[in-house]
Amino acid sequence: MASVEIREVRKSFGGVHVIHGVSIDVADGEFVILVGPSGCGKSTLLRMIAGLEEISGGDIRIGGRVVNNLPPKDRDIAMVFQNYALYPHMTVAENMSFSLMLKRAPKDEIDGRVKRAAEILALTPLLSRYPRQLSGGQRQRVAMGRAIVRDPQVFLFDEPLSNLDAKLRVQMRAEIKELHQRLRTTTVYVTHDQIEAMTMADKIVVMHDGIVEQSGPPLELYDRPANLFVASFIGSPSMNLIDGTVAIGSDGRPSFVTPEGVHLPLSAAPSDTAGKPLIYGIRPEHFTVSDAGIPVKVVVIEPTGSETQVVVRLGNHDIVGLFRERIALQPGETIHLAPDVGKAHLFDKATGSRL
């Protein structure tokens, strides 16, 4: 196992700059997920760690050793790809052992490593099968097994679950997390799915347009997003974001006022924000139905069984409330919602930063 240090790394394709001085620390044994929308640079960064893309600037260290100019085979990493990248003419056992065979490892060592990996991933009954005889989830486990037998310092995962159906993705998320808890190998994992990131990571790195917007433990990013991008990207359904300004009442208490004159409660507001264009953020689960709340009109009701998602109209904004209880509502009905003022956020509209 080893740490991974990324220092002011940049990447350009010709005159197009795609990574802009990114710095990330991955501790020994840590599970770090790079997350962001398509085109944000996360897969390019992973490929630079692997040595599959050249670095335009900065340093990458694995285990304290600068690896900028080392070929992939000398970096002591193992990568699991989105499309599995299995050899179709080889059995499961042959696919898993191929890298060790290239290194001319002793047969006893190869057999032992393959057996151990197969037991960890429940692949023992499948060792004689070919990839075409396997399901998507089984192929993904074989790709993981091929990485495990190498016993690398670092695992790299490039959107490994994107080709699986929804139910299998949930199962494989748990399997990968359990695998990490067992092996404690340093892991860098790329996904565009923020649910994967929230459920699996020790630390999330949110990327956007080739920069790091915020990094930290999943719940820290969820509860204290640094800016509007992180607030809207992390969480499903995403945070409600409402335009308006802060006003101070005759009693000295602040409130947030939308352009339509709707007042939203605030516990506090910075002294220099009165009248300044701001954005009020509140997560869907931080509303309660209360007679003392704000009147809103029901637009859509979406029951999922365990909870009910309700889209309502507040002034000219459509916002979402999420309720654990099953509430009987009809489209067009007026209800009253009260936000939890302790969970509300204010963002500067010009910079996007949380105040």
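Here's what I pulled together on the structure shown here. Not measured: the values here are computed from a predicted model.

With that out of the way, let us pick up the sheet that holds strand β15 (residues 287-303). Pairing between the strands of a sheet is mediated by backbone hydrogen bonds and can be parallel or antiparallel. Taken in spatial order, the 4 strands of this open sheet run β17-β16-β15-β18, and their pairing is antiparallel. Edge strands, defined here as strands with exactly one partner in the open sheet, are β17 (317-323) and β18 (334-339). If you compare each strand with its neighbour and ignore which way they point, the axes differ by 55 degrees on average. Bridging between strand β16 (residues 308-314) and β17 involves 7 bridges; their strand directions are antiparallel. When the sheet's bridge partners are listed, Thr308 is paired in β17 with Phe323.

Okay, the nonpolar core next. Within the largest apolar cluster, 47 residues are counted, with the highest numbers of intra-cluster contacts made by Ile33, Met96, Met144, Ile176, Tyr189 and Val206. Ranked by residue count, the leading element in this core is helix α4 (residues 136-149), at 6 residues. Excluding anything up to four places from it in sequence, Met96 contacts Val114, Ala117, Ala118, Leu123, Leu127, Val142, Gly145, Arg146 and Val149. One finds Ala2, Val9, Ile24 and Val32 within the second-largest nonpolar core, a separate group that totals 28 residues.

Here the focus is the packing of aromatic side chains. Inspection of the entire model under this criterion finds 6 aromatic pairs. A centroid spacing of 5.7 Å and a plane angle of 15 degrees characterise the contact between Phe229 and Phe233, whose relative ring orientation is stacked. Here Phe229 pairs with Phe233, and both are found in helix α8 (residues 228-233), just 4 residues apart, close to one helical turn. The class of Phe233 is buried, set by a relative accessible area of 16%. The structure contains a cluster of three or more aromatic residues connected by ring pairs, namely Phe31, Phe155, Phe157 and Tyr189. The positively charged end of Lys11 is found above the aromatic ring belonging to Phe13, 4.8 Å away from the centroid. Note that Lys177 overlies the ring of Phe31, its terminal NZ or CZ placed 5.4 Å from the centroid.

By secondary structure assignment, the location of Asn227 is in the loop between α7 (218-223) and α8. By relative accessible area, which is 13% here, Asn227 ends up buried. A polar atom in the side chain of Asn227 sits 2.9 Å from the side chain of Glu213. Apart from residues lying up to four places away in sequence, Asn227 is in contact with Glu213, Phe347, Gly352, Ser353 and Arg354.

The next subject is the environment of Val67. Checked against the element boundaries, Val67 lands in the loop between β5 (65-66) and β6 (77-80). In this structure, the C-alpha to C-alpha distance between Val67 and Ile49, residues 18 residues apart in sequence, is 8.3 Å. Those residues in contact with Val67, other than ones at most four positions away along the chain, are Ile60, Ile62 and Arg75.

Conventions used here
Residues numbered from 1 in each chain as written. Predicted model: local features only at pLDDT ≥ 70, side-chain atom pairs only at ≥ 80, totals over all residues. Heavy atoms only, no water. Pairing = 2+ DSSP bridges. Helix = DSSP H or I, 4+ residues; strand = E, 2+ residues; numbered from the N terminus. Axes fitted to C-alpha atoms, helices over the stretch in contact; angles between N-to-C directions. Core = buried A, V, L, I, M, F, W, Y, C linked by side-chain atoms within 4.5 Å. Buried < 20%, exposed > 50% of the residue type's maximum accessible area, 1.4 Å probe, protein only. Contact = heavy atoms within 4.5 Å. Phe/Tyr/Trp six-rings, centres within 6.5 Å; stacked < 30°, edge-to-face > 60°. Lys NZ or Arg CZ within 6 Å of the ring centre and 35° of its normal. Polar contact = N/O pair within 3.5 Å; in protein donor to acceptor, adjacent residues only side chain to side chain.

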